[in-house]
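# Notes for the structure review
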Amino acid sequence: MFSYSVVGAQLYVGDMLFVMLTFLVLMWLIKLVAWKPVTKMMQDRSDKIVNDIDSAKESRTKAAELAQKRQAELDKTRDDANRIINNAKQTGQRQREQIVEDARNEASNLKSSAEKDIEQQRQEALANSRKDVASLSIEIASKIISKELNEDDQKGLVDSYIEGLGKQK
């Protein structure tokens, strides 16, 4: 059946039909058993590659968005830090000005208080010196005159004399 006769060089139609029929059955079996799984495997692989490419694009897009968000947050943080620094500088400047103003006010108060104290002490010194001058004048006058003068009269006399000295200057 599978033998060919080389002598006559004829093809046997029966053999040819058998080979064709066997080939078709074999192709049908291959289609049933191997072709569907192979095409399914190739389709699955193709789908996986497409999905990987799509997910890579999405990941790249998400990464770019995340980088933009981080940059925006970094810029915002820098702005916040600069604003805080400027506020601190302004607060420090205001505090410095307040401290200087308080020191000036305190110095002015101390100066006016010292001037009042000086004036009070001067007045007390003048009053004490008037008393001393009056007492000395009475002693001197009583020794010189040997006559006792009225104390009120002598004080009036000394006061008028001291006032006269103050007017001359």
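Right above here is the structure, for reference.
My aim in this report is to walk through the structure given alongside it, one point at a time. (Residues numbered from 1 in each chain as written. Predicted model: local features only at pLDDT ≥ 70, side-chain atom pairs only at ≥ 80, totals over all residues. Heavy atoms only, no water.)

### A few points about the overall build of the protein
- The helix and strand inventory of the protein stands at 2 helices and 0 strands.
- Counting every position in the protein, which comprises 169 residues, the buried fraction comes to 4%.
- Surface accessibility of the protein: about 15,200 Å² in total, with carbon and sulfur atoms responsible for 60%. (Helix = DSSP H or I, 4+ residues; strand = E, 2+ residues; numbered from the N terminus. Buried < 20%, exposed > 50% of the residue type's maximum accessible area, 1.4 Å probe, protein only. Areas by Shrake-Rupley, 256 points an atom, 1.4 Å probe, with all protein chains shown as cover.)

### Structural notes on the pattern of salt bridges
- Summed over all chains, the structure comprises 4 salt bridges.
- With a shortest N-O distance of 3.3 Å, Lys-40 and Asp-44 are connected by a salt bridge. With Lys-40 and Asp-44 both in helix 1 (residues 13-145) and 4 residues apart, the pair spans about one turn of that helix.
- You can call Lys-40 exposed: its relative accessible area is 52%.
- Notably, a salt bridge pairs Arg-83 with Asp-80, separated by 2.6 Å at the nearest N-O pair. (Salt bridge = Lys/Arg side-chain N within 4 Å of Asp/Glu carboxyl O.)

### Some thoughts on a nonpolar patch on the surface
- Together, Leu-21, Val-25, Trp-28, Leu-29, Leu-32 and Val-33 make up an exposed nonpolar region whose accessible area comes to about 600 Å².
- In this structure, Leu-21 sits in helix 1.
- Leu-21 gets classed as exposed once you look at its relative accessible area, which sits at 54%. (Patch = residues over 30% accessible without salt bridge, like charges linked within 9 Å, V, L, I, M, F, W, Y side chains within 5 Å.)

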